[in-house]
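A structural walkthrough
Here's the letter readout for the chains.
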Amino acid sequence: MKSGFVALVGRPNAGKSTLLNRIVGHKLAIVSDKPQTTRTRIAGAKNYPDGQVVFVDTPGVHKPTHRMNVRMVDLALEAMREVDLLTLVVDVSVREGPGDRYLLDLVKKITTPAILALNKVDLIAKAKLLPIIDRYRQAHAFVEYVPLSALDGTNVATLESLFLQHLPDGDPLYPADYVTDQSDRFFVAEIVREQVLQLTHDELPFTTAVVVDSIEEPREGEAATIYCTILVERESQKPIVIGKGGAMIKQIGTAARLELQRFLGTRVHLDVRVRVKSEWRDDERVLDDLGVRGR
Ligand SMILES: Nc1nc2c(ncn2[C@@H]2O[C@H](COP(=O)(O)OP(=O)(O)OP(=O)(O)O)[C@@H](O)[C@H]2O)c(=O)[nH]1
Ligand SMILES: [Mg+2]
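About the criteria used
- Residues numbered from 1 in each chain as written.
- Chains lettered and ligands numbered in written order.
- Predicted model: local features only at pLDDT ≥ 70, side-chain atom pairs only at ≥ 80, totals over all residues.
- Heavy atoms only, no water.
- Near = heavy atom within 4 Å.
- Polar contact = N/O pair within 3.5 Å; in protein donor to acceptor, adjacent residues only side chain to side chain.
- Areas by Shrake-Rupley, 256 points an atom, 1.4 Å probe, with all protein chains shown as cover.
- Helix = DSSP H or I, 4+ residues; strand = E, 2+ residues; numbered from the N terminus.
- Nonpolar A, V, L, I, M, F, W, Y, C, P; charged D, E, K, R; others polar.
- Buried < 20%, exposed > 50% of the residue type's maximum accessible area, 1.4 Å probe, protein only.
- Pairing = 2+ DSSP bridges.
- Phe/Tyr/Trp six-rings, centres within 6.5 Å; stacked < 30°, edge-to-face > 60°.
- Donors = N, O, S within 2.8 Å, 3.2 Å for Na, K, Ca; no water.
- Axes fitted to C-alpha atoms, helices over the stretch in contact; angles between N-to-C directions.
- Contact = heavy atoms within 4.5 Å.

This brings us to the site of ligand 1. Neighbouring ligand 1 are 22 residues; Gly-15, Lys-16, Thr-18, Thr-37 and Asp-122 lie closest to it. One of the backbone N or O atoms of Asn-13 is found 2.9 Å from an oxygen atom in ligand 1. Residue Thr-37 places a main-chain N or O atom 2.8 Å away from an oxygen atom belonging to ligand 1. For ligand 1, whose accessible area on its own is 660 Å², the fraction buried by protein is 91%. Per-element tally for the shell around ligand 1: the top contributor is helix α1 (residues 16-24), with three residues. Partitioning the shell around ligand 1 into residue classes produces seven nonpolar, 11 polar and four charged.

All right, on to the pairing of strand β8 (residues 224-232) then. Extensive coverage of β8 is indicated by the burial of eight of its nine residues. Sheet topology places strand β7 (residues 209-216) next to β8; seven bridges connect them, and they run antiparallel. Of the residues in β8, the one forming a bridge with Ile-215 is Ile-226. Across nine bridges, the pairing between β8 and strand β9 (residues 268-276) is parallel. Among the inter-strand pairings, Tyr-227 is bridged to a residue of β9, identified as Asp-271.

For the coordinates displayed, the defined rule picks out seven aromatic pairs. Note on Phe-142 and Tyr-145: the rings are 5.7 Å apart at their centroids and 75° apart in plane angle, and the pair reads as edge-to-face. A single burial state applies to Phe-142 and to Tyr-145, both of which are buried. Taking 5.4 Å as the distance between ring centres and 75° as the angle between the ring planes, the aromatic pair formed by Phe-186 and Phe-187 counts as edge-to-face.

What follows covers the coordination of the magnesium ion (ligand 2). At the metal site, the magnesium ion (ligand 2) is ligated by Ser-17 (OG) and Thr-38 (OG1), and these contacts range over 2.0 to 2.1 Å. Placement of the pair is Ser-17 in helix α1 and Thr-38 in the loop between α1 and β2 (42-48), with a sequence separation of 21 residues. No difference in accessibility class separates Ser-17 from Thr-38, as the two residues are buried.

Glancing now at unusual backbone geometry. Although it is not a glycine, Lys-120 adopts a positive phi angle of roughly 70°. Here Lys-120 lies in the loop between β5 (114-119) and α4 (126-139). A positive phi is found at Glu-279, a non-glycine position, where the angle reads about 55°. Residue placement: Glu-279 occurs in the loop between β9 and α10 (284-290). The exposed category is assigned to Glu-279, whose relative accessible area is 56%.

Before going further, it helps to examine the sheet that holds β8. Here three strands make up an open sheet; going across it, the order is β7-β8-β9 and the pairing mixed. With partners counted over all chains shown, the strands left at the sheet margins are β7 and β9, one partner each. This sheet shows a mean twist of 20° between the axes of neighbouring strands, independent of strand direction. Along the sheet, helix α6 (residues 184-199) contacts β7 and β8; its crossing angle with β7, the most-contacted strand, is approximately 135°. The sheet strands contacting helix α9 (residues 247-264) are β8 and β9, and the helix crosses β9 at an angle near 135°.

With that settled, the discussion passes to the sheet that holds strand β6 (residues 144-147). With respect to topology, six strands assemble into an open sheet ordered β2-β3-β1-β4-β5-β6, the strand pairing being mixed. Each edge of the open sheet is held by one strand with a lone partner, namely β2 and β6. This sheet shows a mean twist of 25° between the axes of neighbouring strands, independent of strand direction. Bridge count between strand β1 (residues 2-10) and strand β3 (residues 51-57): seven bridges; the pairing is parallel. Across the sheet, the residue bridging to Lys-2 is Gly-51, located in β3. Sitting on the sheet, helix α3 (residues 98-109) is in contact with β1, β4 (85-91) and β5, with an inclination near 165° to β4.

Below, the structure is given as structure tokens:
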């Protein structure tokens, strides 16, 4: 039997969370087309006939501008050092830049063996892939190079078999029914935030956070009641999240409620408010409360 931890690391938007969800077979991490979607570490376990793998999704590595971003990048770098096997997820559909070189340097510096996952192959012609693999091969001796699509599933099973090959022998680390290290409260906040990310634009995806104030368990035949607050940084952002006549907050609430009902398996009454909390991204207490863990 094989067992161990595999970290998914990479630049923002590379497709790490999409890959985690695809592998574990359900949605543990929210996904969006905006960078910096994942703000903390999310573990998800999968059992195979010949072993157990605990995957660790991490925030995309980027230049930090706020205390939150420093924590996010720290979390990713910490995960890189702590796991048994690293998977560097790169988006082959975008041109490599200084951020990719920075990450590559980090991978080279640590001793953890690394697999290169060349993601989003569905977006490029096959001929374009080989030179990219070559460049990475010259830059670092990855233990495997795997072109794949986390979105349509191409080659993901191959990648999974390679994880098992490169992990140490060992008994399962968790019971067979272990799913994740995150709480229901975390997933509830993320489900609401996913709608904020989907429905807002410009700086709002970066300047908003969702705090779950309370979750009231349903009584026999009734709905669960969830109170949460969307934090914004400035007074001027509040009307954008609320929308004309409350249209935006209503849309966020309706979409989130449907998803929450699926997640919790019960009817949900969702109460969403918007509150200004200036500079929350630099507020250690808010970050602790949001689960963006620091050192
Ligand atoms: N075409 C295509 N799109 C993909 C693929 N994998 C992910 N995406 C898209 O890429 C975007 C980013 O995906 P995420 O999974 O949120 O990326 P991430 O690396 O977790 O991003 P951060 O959490 O911001 O670091 C989303 O719009 C995904 O649908 C893929 O294989 N092909
Ligand atoms: Mg992510």
